[in-house]
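Understanding the architecture of this molecule
Single-letter residue listing:
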Amino acid sequence: MSLKCTIGLLLSLFMFFLPKPVMAETKEVVSKELTTLFRAARKVISDNQAHINNPDIGDKGLSGKIVTQKLLENYKKASGKRLYPDSFTPVQEAMINSVKEVMFENQDLINKQGVAFKGFIPAIFAGKVANKFSRKMNGKMKIKLTAPTRYIRNKTNSPDYWEHNVIENIFKMSAHKKGQSYSENIKIKGKKAYRFILPEYYQQSCLDCHGTPKGELDITGGKKEGGLLNELGGAISLIIYQ
Ligand code: HEC
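Sequence order sets the numbering: in each chain, residues are counted from 1 along the sequence as written. Where local features are concerned, this predicted model is filtered to residues with pLDDT of at least 70; where side-chain atom pairs are given and counted, the filter is 80 or more; whole-chain, interface and lining totals use all residues. As a convention, hydrogens and water are excluded, and side-chain values are obtained from all of the structure's heavy atoms.

1. Quick look at the coordination of the iron atom of the ligand
- Only nitrogen, oxygen and sulfur atoms within 2.8 Å of the metal, or 3.2 Å for Na, K and Ca, are treated as donors, and water is left out, so sites may look incomplete. Of the protein atoms, His210 (NE2) alone serves as a donor to the iron atom of the ligand, at 2.0 Å.
- Secondary structure follows DSSP: runs of H or I at least 4 residues long count as helices, runs of E at least 2 residues long count as strands, and numbering of each begins at the N terminus. Of note, His210 is situated in helix H9 (residues 207-210).

Structure (structure tokens):
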């Protein structure tokens, strides 16, 4: 082996074993993947909303396993990439396990016969998954569903100062490209953190509950926000601590 080759080999071995710092770009990739996975899971619930609300059917067949299969299909459609359970990253695994646990814990509710609306809707499901995920990540990562302050229904989803600022002063600007995420390295209570936030817009299906006339009661018993089609209605926010 020539000297050049040996040096090359040593160098690549060195690079391979060197602990890789998670660079900003990688964090963005991780954030995009994770928020896409989170949305792919929530979409399974919205796609099955009529089925879940059907009072005539008992077992809805929405076990954690089935929901995982469906969410991976949604993920593939959204990202073009298929994820395989044996090569999940720990972060992906934490998200999938959170989904499975929420589905497991809500089987009795979802499968209840004779009741139409059970309150099992995408935002509630997403909130439960987010809490479980954040707990599993043990202070290293936190995901949350939030919305513009005036559209908040559940106070625990209220935007914090940073989220509020990005929503009002970046996402709502006409120059902001629709759907474009925003990220920033900042300190939270003295701890270095990477923050990522993805805007979401009201689609037709959302307006049954979030649309007009403002103040009218929706199927959940809550007051409609008076939101409009394609209007900024929410955001998924992620924190990765260093
Ligand atoms: C069946 C009625 C219903 C539909 C349809 C619906 N939502 Fe909601 N949404 C709610 C309720 C109720 C909450 C509060 C959930 C809770 O208590 O955590 C909520 C919460 C949210 C939140 C979290 C912030 C908050 O206000 O607490 C966002 C963001 C949101 N919805 C966006 C959407 C979008 C986007 C769609 C369409 C893709 C949609 N919703 C469809 C009823 C609905």
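2. Focus on the sheet that holds strand S3 (residues 191-201)
- Two strands pair if DSSP finds at least two bridges between them. On the basis of which strands lie adjacent, the open sheet formed by 4 strands has the order S1-S4-S3-S2 and antiparallel pairing. Both edges of this open sheet fall to strand S1 (141-146) and strand S2 (182-188), since each of them pairs with a single strand only. Neighbour-to-neighbour, the strand axes of this sheet turn through a mean angle of 20 degrees, independent of strand direction.
- Two residues qualify as a contact provided that any one of their heavy atoms is within 4.5 Å of a heavy atom in the partner residue. Angles run from 0 to 180 degrees between N-to-C directions of axes, and those axes are lines fitted to C-alpha atoms, restricted for helices to the stretch in contact. Against the sheet, helix H8 (residues 161-171) touches S1, S2, S3 and strand S4 (232-241), its axis set at about 45 degrees to S3.

3. Describing the domain arrangement of the chain
- Considered domain by domain, the chain is made up of domain 1 (22-138) and domain 2 (139-242).
- Segmentation of the chain into domains, including their bounds, is taken from an automatic or database domain assignment. The C-alpha centroid of domain 2 is placed 19 Å from the C-alpha centroid of domain 1.
- Every contact between the two is made by 22 residues of domain 1 and, on the other side, 18 residues of domain 2.
- Values labelled buried area give the accessible surface lost by two parts on being combined, using a 1.4 Å probe and summing over both. Here domain 1 packs against domain 2, burying approximately 1900 Å² in sum over the two surfaces, 70% of which is carbon and sulfur.
- Looking at the side of domain 1 facing domain 2, the largest losses of area belong to Lys27, Thr35 and Phe117, adding up to 27% of the total buried there.
- Take a side-chain nitrogen of Lys or Arg and a carboxyl oxygen of Asp or Glu: if they are within 4 Å of each other, that pair is a salt bridge. Residue Arg39 is joined to Glu200 by a salt bridge in which the shortest nitrogen-to-oxygen separation is 2.8 Å.
- Polar contact is defined as a pair of N or O atoms within 3.5 Å, subject to the rule that within protein one atom must be able to donate a hydrogen and the other to accept it, and that residues adjacent in sequence are counted only when both atoms are side-chain atoms. Seen at the junction of domain 1 and domain 2, the total is 6 residue pairs in polar contact (both at pLDDT 80 or more).
- Listing elements by their share of the side of domain 1 that touches domain 2, those giving two or more residues are helix H2 (24-47), helix H5 (90-105) and helix H7 (122-136).
- Counting residues per element, the side of domain 1 that touches domain 2 draws most heavily on H2, at 11 residues.

4. With respect to the environment of Val115
- Tracing the backbone shows Val115 in the loop between helix H6 (107-110) and H7.
- Only protein chains enter the accessibility calculation, which uses a 1.4 Å probe; a residue is then buried when its area is under 20% of its type maximum, exposed when over 50%, and partly exposed in between. Overall, Val115 belongs to the partly exposed group, its relative accessible area being 29%.
- A sequence separation of 61 residues divides Val115 from Asn54, and the C-alpha atoms of the two residues are 7.6 Å apart.
- Sequence-distant contacts of Val115, defined by excluding residues within four places in its chain, comprise Asn53, Asn54 and Pro55.

5. As for the pattern of salt bridges
- Applying the stated criterion to the full structure yields 16 salt bridges.
- The residue Glu231 makes a salt bridge to Arg150 at a minimum N-O spacing of 3.4 Å. A residue pair is termed long-range when its members are at least 10 positions apart, and Glu231 in the loop between H9 and S4 and Arg150 in the loop between S1 and H8 qualify at 81 residues.
- Among the salt bridges present, the one from Lys172 reaches Glu168, with a minimum N-O distance of 3.0 Å.
- On the basis of relative accessible area, Lys172 is assigned to the partly exposed category, the value being 35%.
- Taking the relative accessible area as the measure of exposure, Glu168 reaches 23% and is therefore partly exposed.

6. Some remarks on the site of the ligand
- As a structural note, the neighbourhood of the ligand is formed by 19 residues, with Arg153, Asn157, Cys206, Cys209 and His210 the closest of them.
- For the ligand, an oxygen atom lies 3.4 Å from a polar atom in the backbone of Tyr151.
- For the shell around the ligand, the secondary-structure elements that each account for two or more residues are H7, S1, H9 and S4.
- Side-chain classes are defined by residue name, with Ala, Val, Leu, Ile, Met, Phe, Trp, Tyr, Cys and Pro counting as nonpolar, Asp, Glu, Lys and Arg as charged, and the others, Gly among them, as polar. Classifying every residue of the shell around the ligand by side-chain character gives 10 nonpolar, 8 polar and 1 charged.
- When residues are assigned to domains, the shell around the ligand turns out to be shared by domain 1 (22-138) and domain 2 (139-242), each giving three or more. Near is defined per residue: the residue qualifies when any heavy atom it owns lies within 4 Å of the molecule or strand.

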